[in-house]
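Here's the letter readout for the chains.
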Amino acid sequence: MAPRKIIIDTDPGQDDAVAILLALASPDEIEVLGITAVAGNVPLSLTAKNARIVCELAGQTGVPVYAGCDRPLIRPLVTAEHVHGKTGLDGPVLPDPEMPLADGHAVDFIIETLRKHDSGTVTLCPLGPLTNIAMAFRKAPDIVDRVQEIVLMGGAYFEVGNITPTAEFNIHVDPEAADIVFRSGRPIVVMPLDVTHKALVTKPRNDAFRALGNKVGIAVAEMTDFFERFDKEKYGSAGAPLHDPCVTAYLIRPELFSGRQVNVEVETRSELTMGMTIADWWGVTDRAPNALFIGDLDADGFFELLTERLGRL
Ligand code: BDR
Ligand code: CA
């Protein structure tokens, strides 16, 4: 089968970096048409830089990286340096990128790419706040029906929240954008905290990354060394959750994941629960399902896949 064409929309972020590396290491299954940066974990200037650092780490400077929106649709930007460090990619010492940003705005790249390729052949993979995607849908409504699928990291139901008591970071940062995406009518696969909190980098798993001995394996191990302290302290968990790589792993091995087709709506009015994803997991309403909401994964299979692929770079 031909590799699946995707656009990665991202705010790197150590876990975004691992998600990108996994995609770039898997050309048989995934063709990365471009990477679009958005403000999120850190401001846009840093996410646009980090995305290029990651491409260079993978030795793949031919992938175009575009800078996108520098703030949410209508709200001030909330960032997460307390999780990802000042640069967003704290941990390994990696050189500044030499590859330039691609000319043009990320939102226009998303629009042009969807118009250029056959309808239903390009998948969007958002790993950060949904600002770029929502802007593209608003600016060019004709592209919405051309999207094959949206596979995103965001939201939570049973795990509730990580940036507020009731909201996950990506959705909380730009709830209006998330609302536009969840109402788009396109097929959506959601990787919420419910599953990503099961994709934990335990010590043996991180040792396996380091033992690869290549630049990428060592850098990923060092990213995890930094990134894990937050979750260990906050949740007492066994290691860092690899949120965003669940998205790219799903594209390669969907059978590692299980979930339910449910209705998901986004809270955009209550300051108390802003950005909460209301997933009708138990089917208690008659609201039509609009997303496959993932709840579980084969964590050992996921880490075997990831380690094997990172070893290829
Ligand atoms: C999400 O927020 C960011 O901190 C991570 O990169 C991930 O995309 C997890 O809530
Ligand atoms: Ca992210």
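Scroll up for the structure.
What counts, and at which threshold
Residues numbered from 1 in each chain as written. Chains lettered and ligands numbered in written order. Predicted model: local features only at pLDDT ≥ 70, side-chain atom pairs only at ≥ 80, totals over all residues. Heavy atoms only, no water. Patch = residues over 30% accessible without salt bridge, like charges linked within 9 Å, V, L, I, M, F, W, Y side chains within 5 Å. Areas by Shrake-Rupley, 256 points an atom, 1.4 Å probe, with all protein chains shown as cover. Salt bridge = Lys/Arg side-chain N within 4 Å of Asp/Glu carboxyl O. Helix = DSSP H or I, 4+ residues; strand = E, 2+ residues; numbered from the N terminus. Buried < 20%, exposed > 50% of the residue type's maximum accessible area, 1.4 Å probe, protein only. Donors = N, O, S within 2.8 Å, 3.2 Å for Na, K, Ca; no water. Phe/Tyr/Trp six-rings, centres within 6.5 Å; stacked < 30°, edge-to-face > 60°. Axes fitted to C-alpha atoms, helices over the stretch in contact; angles between N-to-C directions. Parallel < 35°, antiparallel > 145°, perpendicular 65-115°, else oblique. Contact = heavy atoms within 4.5 Å. Nonpolar A, V, L, I, M, F, W, Y, C, P; charged D, E, K, R; others polar. Near = heavy atom within 4 Å. Polar contact = N/O pair within 3.5 Å; in protein donor to acceptor, adjacent residues only side chain to side chain. 1 Å grid on protein atoms, 1.4 Å probe; cavity = no way out; pocket = protein on both sides within 12 Å on 5 of 7 lines; lining within 4 Å. Sits in = over half its atoms within 2 Å of the grid points.

Asks: Can you walk me through a nonpolar patch on the surface in this structure?
Replies: A contiguous nonpolar surface patch, about 390 Å² in accessible area, is contributed by F158, W282 and V284. Assignment of secondary structure puts V284 in the loop between β11 (277-279) and β12 (291-297). Judged by its relative accessible area of 71%, V284 is exposed.

Asks: Teacher, can you tell me more about the coordination of the calcium ion (ligand 2) here?
Replies: As a benchmark, a tetrahedral metal site with four donors has ideal angles of 109.5 degrees, while an octahedral site with six donors has ideal angles of 90 or 180 degrees. Bound to the calcium ion (ligand 2) on the protein side are D11 (OD), D16 (OD), D16 (OD), L127 (O) and D244 (OD), at distances that span 2.3 to 2.6 Å. We note that the donor set of the calcium ion (ligand 2) lies within a single chain, spaced as D-x4-D-x110-L-x116-D. Of this pair, D16 sits in helix α1 (residues 14-24) while L127 sits in the loop between β4 (122-126) and α5 (131-139), placing them 111 residues apart in sequence. Of the two residues, D16 and L127, both sit in the buried class.

Asks: What exactly am I supposed to notice about the packing of aromatic side chains here?
Replies: Where two aromatic rings form a pair, the distance of their centres and the angle of their planes describe that pair. A full pass over the atoms with the stated rule returns eight aromatic pairs. Seen from their ring centres, Y250 and F257 are 5.9 Å apart, and the 65° between their planes marks the pair as edge-to-face. In this pair, the class of Y250 matches that of F257, namely buried. A network of ring pairs unites the aromatic residues Y157, F158, W281, W282 and F293 as a single cluster.

Asks: Even after reading the chapter, I still don't get the packing of helix α11 (residues 245-252) against helix α12 (residues 299-310), so can you show me in this structure?
Replies: At a minimum axis separation of 11 Å, α11 and α12 run at an interaxial angle of 90°. Classed by the angle they form, the pair α11 and α12 counts as roughly perpendicular. Of α12, the residues touching α11 (which contributes P245, C246, A249 and I252) are F302, L305 and R309. A class-by-class count of the residues in the contact of α11 with α12 yields six nonpolar, no polar and one charged.

Asks: What is the right way to look at the site of ligand 1 in this model?
Replies: In the vicinity of ligand 1, the contacting residues are D15, D16, N41, H84, L127, M153, N162, E168, F169, N170, H243 and D244. One nitrogen or oxygen atom from the side chain of N41 is found 2.7 Å from an oxygen atom belonging to ligand 1. Expressed as a share of its isolated accessible area of 280 Å², the protein-covered part of ligand 1 is 96%. Of the pockets mapped on this structure, ligand 1 occupies the largest cavity. Classifying every residue of the shell around ligand 1 by side-chain character gives three nonpolar, five polar and four charged.

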